[in-house]
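What the coordinates show
The residues making up each chain are set out below.
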Amino acid sequence: MKIWPPSEPSLQETDFNYSDTREQMNGSVGPMRVLVTGGSGLVGRAIERVVKEESGGREGETWIFLSSKDANLMSAEETRAVFQKHRPTHVIHLAAMVGGLFRNMRQNLDFWRNNVHINDNVLHTSQEFGVVKVVSCLSTCVFPDKTTYPIDETVMHNGAPHESNYGYAYAKRMIDVHNRALFQQYGLKYTAVIPTNMFGPHDNYNIEDGHVMPGLIHKTYLAKKEGKPLQVWGSGRALRQFIYSLDLARLFLWVLREYDEVEPIILSVGEEDELTVKDAVDAVAEAFGFEGEVIYDTSKSDGQIKKTANNAKLRKYLPDFKFTPFKQGDQHKRFSIYVFPILVKRRILIDVFLFFQPSRRLVIGLQPIMTPSVNEDLFI
Amino acid sequence: MKIWPPSEPSLQETDFNYSDTREQMNGSVGPMRVLVTGGSGLVGRAIERVVKEESGGREGETWIFLSSKETNLVSTEETRAAFERHRPTHVIHLAAMVGGLYRNMRQNLDFWRNNVHINDNVLHTSQEFGVVKVVSCLSTCVFPDKTTYPIDETVMHNGAPHESNYGYAYAKRMIDVHNRALFQQYGLKYTAVIPTNMFGPHDNYNIEDGHVMPGLIHKTYLAKKEGKPLQVWGSGRALRQFIYSLDLARLFLWVLREYDEVEPIILSVGEEDELTVKDAVDAVAEAFGFEGEVIYDTSKSDGQIKKTANNAKLRKYLPDFKFTPFKQGDQHKRFSIYVFPILVKRRILIDVFLFFQPSRRLVIGLQPIMTPSVNEDLFI
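All of these numbers come straight from a predicted model, not from anything done at the bench.

**Remarks on the pairing of strand E3 (residues 62-65) of chain B**
Put simply, side chains in a regular strand alternate between the two faces of the sheet. Residue and element names in this part refer to chain B. In E3, alternate side chains face the same way, and those of Thr62 and Ile64 on one face and Trp63 and Phe65 on the other are all buried. Alignment of strand E2 (residues 33-37) against E3, held across four bridges, turns out to be parallel. What sits directly across from Val34, in E3, is Trp63. Traced from E2 through helix H2 (residues 42-53) to E3, the parallel crossover comes out right-handed.

If you want it as structure tokens, here you go:
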């Protein structure tokens, strides 16, 4: 668990009590204490970076990043203990049981039950402790399987989700049901965001369990290292909207502070910025300088060919928000900076060290462009 | 709590252990112990009557009828304690937080959370204790608001439920999600039934909280007693399929013993037996001998004019099942027998006694047709 700013006095201070939090609800200005559940994941780490390095956090605020190691949110008692300890005024709720396609298919029951318990514990305890606002995290993958495109925020419940992950999907949808009921019964404006395909540093690179981008990055790394072809699942024609995790984090902070609706909001690049999986493969291969063969295994499913999400609501609120381009102008260099810290999770780091001289500044064939601050990321 | 048969040895017997129940799951013949949650409600009481008086229960079986007074199923600990005490092999799960239209609209959050907790506790604890089969109770009121008619078992998740009771509706739908996931992950064939409009003895007669038939009966009783017009909400044109609770109970037992699917089954009379609310009003007025004015308050909503449920699946399994006719051949007399025990819940009973001579055999203008066994019902 990490607490920022680091000079914050001990949280055991006894003079902070529930009534301070309640004052927030009446609109009075008070110290904002933000609890981020699932703080060690892709989005949580991105929010942490934005808060610490981009003045995302403001004067007087406290940010607490929780991970599953600190508290098991499936337990109502442990959740309450966390809230009692930290007394948050706001919550960014990212914690969930997540997994790739195959694990979802095998364990729909666990994905349903565990996530319902986590979500109910966090939302209910937040309400009990007078939390002013909770922003939860949904996903376009919980939307109806049969629907028209582009999808928007209003259609999420309009049909059954895909058969492969209905447990996870229903559990996530019920966050929105809970939010609406909290508003109806208590006037609380807890809300949620709906990102599309995310990628960024500190992702899960497990090829079986992880998602598109980190999966591709890991596979390309291995293909280059072992001198084998790069095997991509599907035809490469599937279209996706990719959002960089740091952009998502910046938008999360805007939702936390400014977005006043209970209805969730889609956070995504526009339809015009959709990319094919092949575009993503080409970009990753180029960043790695991978010149081997790329095989598209068409026996594997593409998933949906197109699942465009409509970001009109976001654009209505933030017409000028600039997303980080998927490939930067000085693409090779910038993407490398993104890729290398992305690459090095503990397990791959060990592989790298075994393979190369243990030099922190050498990367698999890329120019030594790492700055010391970037290197630090490798060892967090 | 009632246990049948009454000569059953003490449940504290220490030689009954978990492994006996597990043997059931392997298909071996063993003593069936059926736990009925929500045993004191409309359906629970009907099942009890069928079990005790119509040989619905079989040799060697134990039936335990639980009510909310003994066990709070919202609590995981209390649910486990009940299962440990009774060690059921089968469960009929009827317990829920229920209420009329207006309470649902005000408290969607409570209806959502409490019912999700009850259902998760019962289903999960059943799985843990090796219960062979659980039959839960859904309702056509949880179906999508916007849909084509007649509705069947396959469309339940195909759209959002009605705005007025989405908390209750989603909680009930998630029983089906949980059942499917249990089957997928563990091969358990827990299932559910979907009745249409029910009525019968021991219903909830609260005019604000209760449902169509008991509401009408209570209002007609009061109208006749006070010499006032009978005020019916809506135009009377709304069409409904009414199922008598004892028929539902007989079908419940068939589902428990014979129905082998995980997908739920609609239990209802056919479309050809749909009745208008006016038909129901006329029947109740006739049974009471009510000859006053009937006013249809068209400022009040009809709800849906028609919401026909398709009972083809039931008819496929039980083509010859005979539903109790809404009005019997010797209608006046038979309906009176139904009406009087229906009528007399504790509170109305006191009214009757205050109004008439305390004679158990006199009813509001109807012929004295009550048999002693029927009279016993008045005082349970």
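From this point, the discussion proceeds with the structure in view.
**Observations regarding the interface of chain B and chain A**
Contact with chain B, which involves 29 residues of that partner, is made by 29 residues of chain A. A buried area of about 2600 Å², summed over both sides, lies between chain B and chain A, and 52% of it is on carbon and sulfur atoms. Summed over the three residues of chain B that lose the most area to chain A, namely Leu109, Tyr166 and Gln185 of chain B, the buried surface amounts to 22% of that side. Inspection of the chain B/chain A interface yields four salt bridges.

**Overview of unusual backbone geometry**
Glycine aside, negative phi is the norm for most residues, and most peptide bonds take the trans geometry. Residue Pro150 of chain A is bonded to the preceding Tyr149 of chain A through a cis peptide linkage, with omega at 0 degrees. With respect to the element layout, Pro150 of chain A can be found in the loop between strand E5 (133-137) and helix H6 (166-186). In this structure, the amide linkage connecting Tyr149 of chain B to the following residue, Pro150 of chain B, adopts the cis form with an omega of 0 degrees. For Arg87 of chain A, which is not a glycine, the phi torsion comes out positive at approximately 45 degrees. Looking at the secondary structure, you find Arg87 of chain A in the loop between helix H3 (76-86) and strand E4 (90-93). The backbone of Ser55 of chain B sits at a positive phi, close to 55 degrees, despite the residue not being glycine.

**Observations concerning a negative patch on the surface**
Residues Glu77 and Glu78 of chain A together with Glu77 and Glu78 of chain B make up a contiguous surface patch of negative charge. For the negative patch, the secondary-structure elements that each account for two or more residues are H3 of chain A together with helix H3 (76-86) of chain B. The topology assignment puts Glu77 of chain A in helix H3. Judged by its relative accessible area of 57%, Glu77 of chain A is exposed.

**Some remarks on the environment of Gly227 of chain A**
One can find Gly227 of chain A in the loop between helix H7 (212-226) and strand E8 (230-233). A C-alpha to C-alpha distance of 9.7 Å links Gly227 of chain A and Glu291 of chain A, two positions 64 residues apart in sequence.

Rules behind the numbers
Residues numbered from 1 in each chain as written. Chains lettered and ligands numbered in written order. Predicted model: local features only at pLDDT ≥ 70, side-chain atom pairs only at ≥ 80, totals over all residues. Heavy atoms only, no water. Buried < 20%, exposed > 50% of the residue type's maximum accessible area, 1.4 Å probe, protein only. Helix = DSSP H or I, 4+ residues; strand = E, 2+ residues; numbered from the N terminus. Pairing = 2+ DSSP bridges. Right-handed = clockwise from strand over helix to strand, strands pointing away. Contact = heavy atoms within 4.5 Å. Buried area = accessible area lost by both parts, 1.4 Å probe. Salt bridge = Lys/Arg side-chain N within 4 Å of Asp/Glu carboxyl O. Patch = residues over 30% accessible without salt bridge, like charges linked within 9 Å, V, L, I, M, F, W, Y side chains within 5 Å. Areas by Shrake-Rupley, 256 points an atom, 1.4 Å probe, with all protein chains shown as cover. Lys, Arg positive; Asp, Glu negative; His and termini not counted. Charge placed at Lys NZ, Arg CZ, Asp CG, Glu CD.

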